[in-house]
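Results of the structural survey
Now for the letters of each chain:
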Amino acid sequence: MELKDRTSKIAFFEVTPAIDHLTDNEMLVLRHCVTAAALIDRIYLHQIYKSTFTLLNTLRSKSTVSQTERNKALIKFLEVNGGPWDIFRDFEPFAEHIPEKAKGSSFYPHDLTRTEWEMHLASNPGDREGFESPYTLIQRSSKGKLIAIPYSEAYGALLEGAEWELKAAAKLLTDGVLKKFLELRASAFKSNDYFESDMAWVDTDGSPFEVTIGPYEVYEDRLLGLKSTFEAFVGMPDEDSTAYLKRFAGVVPEFDLMLSERLGFTPKGAAIPLEVVRDIYRGGEVAYGRQFTAFNLPNDRRIHELKGSKKVFSRTMMESKFHTLHRPVAERLLHPSDLKYFKFNNRLLFVLGHELAHGLGPSKVKVNGREMSFETALRDLYPMFEEAKADMLGFVLLKHFQDKGLITAEDLIGCIITDIVSSPAGWRMSRGQAHNQGSLIQYNWFRDRGTVSYNSKTGFLEIDPEKTFSVIEELSYELLKIESEGDYDKAKAFAERWSSPAPEVEEICARLEDLPIEVHSVFNL
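Position numbers for residues count from 1 along each chain, tracking the sequence in the order it is written. Residue-level local features of this predicted model are given only where pLDDT is at least 70; pairs of side-chain atoms are given and counted only at 80 or more, and the full residue set underlies all totals for whole chains, interfaces and linings. Think of the side-chain values as coming from all heavy atoms in the structure, minus any hydrogens and water.

Two rings belonging to Phe, Tyr or Trp (six-membered ring only in the last case) form a pair when the distance between their centres is within 6.5 Å. Interplanar angles under 30 degrees mark stacking, angles over 60 mark edge-to-face geometry, and anything in between is tilted. Scanning the model with the defined rule gives 28 aromatic pairs in all. Summarising the aromatic geometry, the rings of Phe-77 and Phe-94 are spaced 4.8 Å apart at their centres and angled 70° between planes, so their arrangement reads as edge-to-face. Placement of the pair is Phe-77 in helix H4 (residues 69–81) and Phe-94 in the loop between strand E3 (92–93) and helix H5 (114–123), with a sequence separation of 17 residues. The exposure class of Phe-77 is buried, given its relative accessible area of 1%. Seen in terms of ring centroids, Tyr-155 and Phe-230 are 6.0 Å apart; in terms of plane orientation they differ by 85°. Their pairing is edge-to-face. Here Phe-230 lies in strand E7 (residues 230–237) and Tyr-155 lies in the loop between helix H7 (151–154) and helix H8 (156–171), a separation of 75 residues in the sequence. Given the relative accessible area of 5%, Tyr-155 is considered buried. Each helix is a run of DSSP H or I of at least 4 residues and each strand a run of E of at least 2, with the numbering of both proceeding from the N terminus. We call a residue buried when its accessible area falls under 20% of the maximum for its residue type, exposed when it is over 50%, and partly exposed in between, using a 1.4 Å probe and counting protein chains only.

So this is what it looks like as structure tokens:
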């Protein structure tokens, strides 16, 4: 596939942040935070492929006259993917002389196998904490022995720069939650201990703007699912949207309590802060490939139990994806009589349920007498199961909102239809991506239970939302059971059974061939 054809599938859109209302001092704080975010972006590029930044700089340094059309397309697609592999086509290399993408990115030696990993930890139990930390690289010593290198050492120079910028930003702020977070996060870049700064981040309230910066998600570690990539996000609060979603937060703890009584775990911390924001800047993990619309962080389960977690929603990206990606798909795959349910507010409610559900349910499991997180137990399978669980348990939570009179039965039906018909937009990307694997599990489950089907004669998805909800409850508890058992082999068998594309998936994707597969923001800051 030609580079220009790959790039043509991406819908680029410009973002000009509304920041004119900030004071001169706040503008200086923002400048320091964005500069730190740009340094974090460089770390991420290094994590994905050590030569990405050098390759981009080499291509950009060529004079405008000497730039070939292919070079221009190569620069643009590198800027979309963050590396020389096409995220939307199962990491297919698109630049010359590029090898197959390693499952462990640059987190591990490329010749490391799970067998060697497990044998090393069995023989060296004292290494386990450092090796399983989300914040270490695994390398070989000069003698070939596996060793753990803290991120603070591996990315020292760039982290020192980000540390300086955050401290400079904090000095300009009066005492408050953002100042505290920036100071603690700056210190964490040096100490490699992110616990206290993650605790402080949960307390931040988006004033004067939202700052999320650090190592968080483990999607890029397809080998063991342990190592986190760096990301940075800066956003301006959308006060009206935030107020609308905060109406739901008060009834979440009682839902978690009911869930804990059913499944036998300790309920989470009561803090459920959430913010809806407009994008100012993205860097690292959140800037490349599949663009996030919302996140629930931190991922540290200790913080979930002690305090809770914070949800951040990007109104900028939700609106862009809804109108550019999801609506065109719905207009092709939904019967005209069902299109009335396809609404932005229903998508917003679904994303709310999904992100809240990430912080609900049990978070630890005992395997062979050792307590561990789900991430450690399920390794590379964890992201797929966690995304599918968040989708399904999120719907169960939305039903709880309905029972409390916060949404209507028609809202819930609309959320189900809106989500199901939005899934094929993702199937056209990499099928190995966690969110897409999770949505295929759901579609196959619904299809098997007869609540969702594809009519090849009409080209429409036929959905029975009321019957689908009972199936959603069944699947949500099945996924919770798999996570809480921590049985890797059982989880793998389930994934092999339910995440493979159904026969009609290719036909559905073919009907969408001319539509964009993703949006990508270009910031005017």
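Moving on, there is more to tell.
With that settled, consider the nonpolar core. Membership of the largest hydrophobic core comes to 86 residues, with the highest contact counts inside it found for Phe-313, Leu-352, Phe-385, Phe-395, Phe-401 and Phe-494. In terms of residue count, the dominant contributor to this core is helix H17 (residues 382–403) (12 residues). Contacts are residue-level and defined by heavy atoms, with any inter-residue pair within 4.5 Å sufficient. Contact partners of Phe-385, with chain neighbours within four places excluded, come to Leu-479, Ile-482, Glu-483, Ala-491, Phe-494 and Ala-495. Only buried Ala, Val, Leu, Ile, Met, Phe, Trp, Tyr and Cys residues count toward a nonpolar core, and they belong to the same one when joined by side-chain atoms within 4.5 Å. Residues Leu-30, Phe-181, Ile-213 and Tyr-281 belong to the second largest nonpolar core, which totals 63 residues.

Only one rule defines a salt bridge in this text: a Lys or Arg side-chain nitrogen within 4 Å of an Asp or Glu carboxyl oxygen. In the structure shown here, the tally under the stated rule is 38 salt bridges. Residue Asp-111 pairs with Arg-140 through a salt bridge whose shortest N-O separation is 3.1 Å. With Asp-111 in the loop between E3 and H5 and Arg-140 in strand E4 (residues 136–140), this residue pair connects regions lying 29 residues apart in the sequence. Residue class for Asp-111 comes out exposed when judged on its relative accessible area of 53%. The closest approach of N and O atoms between Arg-379 and Glu-118, which form a salt bridge, is 3.6 Å. Of the two residues, Arg-379 sits in the loop between helix H16 (374–378) and H17 while Glu-118 sits in helix H5, which places them 261 residues apart along the sequence. Counted as one network, the salt bridges with shared partners bring together Arg-6, Asp-86, Arg-89 and Glu-92.

Next up on the list: unusual backbone geometry. Each neighbour pair has its own omega, and for Ser-207 with Pro-208 the value is 0°, a cis peptide bond. Relative to the elements of secondary structure, Pro-208 occurs in the loop between helix H10 (195–203) and strand E6 (210–215). Following Leu-297, the chain continues to Pro-298 via a peptide bond in cis, the omega torsion being -5°.

In this scheme, strands are said to pair when DSSP sees at least two bridges between them. On the basis of which strands lie adjacent, the open sheet formed by 5 strands has the order E6-E7-E8-E10-E9 and mixed pairing. The open sheet has two free edges, formed respectively by E6 and strand E9 (294–297), since each of these has just one partner strand. Averaged over all pairs of adjacent strands, the angle between their axes in this sheet comes to 35°, without regard to strand direction. Note that E7 and strand E8 (residues 274–284) share 7 bridges and pair antiparallel. If you follow Met-236 over to E8, its bridge partner there is Arg-278. To get an axis, fit a line to the C-alpha atoms, keeping to the stretch in contact for a helix; angles then go from 0 to 180 degrees between the N-to-C directions. Packed on one face of the sheet, helix H11 (residues 239–246) meets E7, E8 and strand E10 (310–314) and runs near 125° to E8.

Attention shifts here to H8. Working rule for helices: expected span equals 1.5 Å times residues minus one. In this model, H8 (16 residues) spans 22 Å end to end at C-alpha, consistent with the 22 Å of a helix rising 1.5 Å per residue. Considered for burial, the residues of H8 that qualify are Gly-156, Leu-159, Ala-162, Glu-163, Glu-165, Leu-166, Ala-168, Ala-169 and Ala-170. Of the surrounding elements, those touching the buried residues of H8 are helix H2 (24–48), H7, helix H9 (177–191), E6 and E7.

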